[in-house]
Structure formats: structure tokens, C-alpha cells
Amino acid sequence: LLVLLVVLTKEIILGNSTFHLTKTETESIVVTKSVAVCVRGVNRNVDNAESIMKTIVAPLDADVFGVIQTNDRTTSVDLSLALKAVSSDNTNFSYHDVLSELKNDGFNESFWEMVAAKSQNSLAPLLGQRGSALFQYKSFKRCFELIDDHEKKKRGGHQYSNIIVMRSDHFCLAQPFCPSQLLESIVVPSGDDWRGVNDRMMAMPRSAAKLILTGAWDKLTNMRSSEYFVRNTEVVLSFLIKESQKHLLRSDNTCYLKCNQQSQTSWGKCSPGGFKYEQEFRSAKSNMNLTC
């Protein structure tokens, strides 16, 4: 429990003398939570919220933030409300919205189109190709902005010690992160690295959060580190982790991407079991009895 004390100084002028009165007020900001969890992606079923609350939010006593896209696949459930988010951005941003925001921040479209022509899907939408990379960079950045703003306005500037970011379609069978892991390492569940580092779910120390979550966006708007974008978002993350100089810890995977026939997208088809990727599902299922 941290109590921030506010010291106010008042000045009283009597004749030619000035007296400084100082009083300490106990009207303080009480800060009890040290972990922030940002859930990003398309609005999903309430089952996902229950799973996230049970395996991540409750065990870590975390505050939740939501960057949730509302669109024509939205269910009747408001995921941010179901997760009891302290702050959320429920919006429906299109590719053109993201591109416009990038350009406002200094993005040189011609330069990055040349880079995209030599890369895989890290910049695919710039060439009119299928890919969610720009949406990923946007949602990571928005997660950081929501958390940073909350720290400044609601926590008296007191930062969280650790930040977790995850997709809204994650369904967890056991705790993906143990408190003992949340020190100074960046923790990423094993699996689906695609020559980089799995970017679906990760935990990081607050000191690394700005670089990890806004790094891709900043490099795109400043025409820096084009080599980061040669392949896919997983490779982009691997470069950012190396730049952070933080230790990368791989944990046992206990979560999988869940979908159903009503919420499936063009990015992946649902299996009869309601999962997107069989290997990921089997891995999570084999670890479902793990405990911290």
C-alpha cells in the first residue's frame, strides 16, 4: 500500500514580513495495484472475460485496460465492462484511420512502401495485401497511452511495476504468468515465434513498456530501423526486446486463441473445438494443471 502525501506551501504577508506556512495533507492517492493488464482486439464472448479474470486479473490483483474494436462482428457482450476495465478505448478504427494517424505523426508512406516491397507481412497493408500489422502497432501504442495516462491522472504519477498485454480472443486454462516471474524479465509464453518472438501475449517490466509497446510506431514515424520490418510482427518484437536489453524468459503456454462461427474472422477458421491453432490449443491443454 502506497500513500502519496501532498505538501502545500502557503505564503502570508503581514506588513513587511513574509511567513511561509507548510502543511501536510493526508488527502492522498492510495495505490494498491502493481500490475496493469491491457486486453486488445475485437470484442469477444464473455467466456473469454471470465477466463482472463480467473487466470490473470484475480491472481495478480491487476487493473485492466481495454483497447477493444467494435465492428460488425461485435457480440452483445461489452468486453471492457465484463473485465471491469478502469480505462478503455472502445472504437472501430479502419486501416485508413491508422494510416491517417501515422501520417499525422510523420509517417513517410513512399519510403515505407519501398521497405514493404522487400518484407513479408510486417507492412503488408501498405501494398494492399492481407495483414494486421499496422493494427497491431496501433493497439500496442494505445495500450501504453491508456496506462500512462491513468498513472498520471489517477495514481499521482505512481507507475505500475509490470504490464501485461494480450489479445481479446485469448482463453486461458491456467495462469500464464506467475508473480515470481514478474520482475525485470520480459515474459512470453512459448510457441508460434515465426522466426521472431510470439507477440500474442507478454508481460514486461514497466521500465521496458514504452519501447516494447510504442517502439514500432515510433520507428515508422521517424523512418528508423527499417531492418526491424523485414519479415513479420514477431520479428519486429524480437528486435525491440533486444533493444530493451531485458532478459527474455519463456514460460509454459496455458492459453489459446478461441473463436466460434459467429466471431471468426478472415484471419483464421474455427476448428470444431473452437480454437484457431491446433498446436497452440494442445500445448495449453497439456499445461492446464500447472500452478504457480
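Just so it is clear, the structure is predicted and the values come from calculations on it, not from any experiment.

The rules behind the values
- Residues numbered from 1 in each chain as written.
- Predicted model: local features only at pLDDT ≥ 70, side-chain atom pairs only at ≥ 80, totals over all residues.
- Heavy atoms only, no water.
- Helix = DSSP H or I, 4+ residues; strand = E, 2+ residues; numbered from the N terminus.
- Buried < 20%, exposed > 50% of the residue type's maximum accessible area, 1.4 Å probe, protein only.
- Contact = heavy atoms within 4.5 Å.
- Areas by Shrake-Rupley, 256 points an atom, 1.4 Å probe, with all protein chains shown as cover.
- 1 Å grid on protein atoms, 1.4 Å probe; cavity = no way out; pocket = protein on both sides within 12 Å on 5 of 7 lines; lining within 4 Å.
- Points joined across faces, edges and corners; volume = space filled by probe spheres on them.
- Nonpolar A, V, L, I, M, F, W, Y, C, P; charged D, E, K, R; others polar.
- Pairing = 2+ DSSP bridges.
- Axes fitted to C-alpha atoms, helices over the stretch in contact; angles between N-to-C directions.
- Left-handed = near helix turned anticlockwise from the far one by under 90°.
- Expected span 1.5 Å × (residues − 1).
- Polar contact = N/O pair within 3.5 Å; in protein donor to acceptor, adjacent residues only side chain to side chain.
- Disulfide = S-S within 2.5 Å.
- pLDDT = per-residue confidence, 0-100.

Examining the overall build of the chain
In terms of regular secondary structure, the chain is built from eight helices and 11 strands. A burial count over the chain gives 49% of its 292 residues as buried. In the chain, the share of contacts with a sequence separation of at least 24, taken over all contacts with a separation of at least 6, comes to 71%. Element-wise, carbon and sulfur atoms account for 50% of the exposed surface of the chain, whose accessible area totals about 14,500 Å².

So, the side chain of N43
Position of N43 relative to the elements: it lies in the loop between β3 (35-42) and α1 (46-60). When its relative accessible area of 3% is taken as the criterion, N43 is described as buried.

Examining empty space enclosed by the protein
Tallied over the full model, the rule gives two cavities of 30 Å³ or more. By volume, the largest cavity amounts to about 100 Å³. If you trace the largest cavity, you find it lined by Y137, F140, D199, M202, I212, L213, G215, A216, T233, V236, L237 and L240. Of the residues contributing to the lining of the largest cavity, the split by class is nine nonpolar, two polar and one charged.

Here's the deal with unusual backbone geometry
With a phi close to 50 degrees, D192 is a non-glycine residue in the positive phi region. The topology assignment puts D192 in the loop between β8 (186-189) and β9 (201-205). Even without being glycine, S225 reaches a positive phi, approximately 55 degrees. Within the element layout of this structure, S225 appears in the loop between α6 (206-221) and α7 (233-244).

Here we look at the pairing of β9
The buried fraction of β9 amounts to five of the five residues, a majority that puts the element mostly inside the structure. Of the two faces of β9, both are covered, the one formed by M201, A203 and P205 as well as the one formed by M202 and M204. Judged from the five bridges that link them, strand β6 (residues 162-167) and β9 form a sheet pairing that is antiparallel. Counted as the bridge partner of M166 is M201 from β9.

Topic: the packing of helix α3 (residues 95-104) against helix α5 (residues 133-154)
Helix packing for two helices is described by the angle between their axes and how far apart those axes are. As a packed pair, α3 and α5 sit with axes 10 Å apart at the nearest point and diverge in direction by 65 degrees. The interaxial crossing formed by α3 with α5 has left-handed handedness. Listed contacts from α5 to Y95, V98, E101 and L102 of α3 are L134, F135, K138 and K141. Here the residues of the contact of α3 with α5 are counted per class, giving five nonpolar, no polar and three charged.

Some remarks on α7
Over its 12 residues, α7 extends 17 Å from the first C-alpha to the last, a length consistent with the 16 Å expected when each residue adds 1.5 Å. Counting buried positions along α7 yields nine of 12 residues, so the element is predominantly enclosed. Along α7, the positions that sit buried rather than exposed are T233, E234, V235, V236, L237, S238, L240, I241 and S244. Buried positions along α7 lie against α5, β8, β9, α6 and β10 (248-251). At the N-terminal boundary of α7, the capping side chain belongs to N232, with an oxygen 3.2 Å from the backbone nitrogen of E234. Two residues or fewer past α7, Q245 is found with a positive phi of approximately 60 degrees.

A closer look at the state of the cysteines
Taken as a whole and assessed by the stated rule, the structure comprises three disulfides. Each sulfur of the disulfide joining C38 and C143 lies 2.0 Å from the other. As the torsion about the S-S bond is roughly -80 degrees, the C38-C143 disulfide counts as left-handed. In this pair, C38 sits in strand β3 while C143 sits in helix α5, placing the two residues 105 residues apart along the sequence. Owing to a relative accessible area of 0%, C38 belongs among the buried residues under this scheme. According to the relative accessible area criterion, C143 is buried, its value standing at 0%.

Overview of the confidence of the model for the chain
For any part of a model where pLDDT is low, the fine detail of the predicted coordinates should not be relied upon. The pLDDT averaged across the chain works out to 86; a share of 84% of its residues lies at or above 70. Confidence over residues 1-27 falls short of pLDDT 50; this stretch has 44 contacts with residues more than four positions distant or in other chains.

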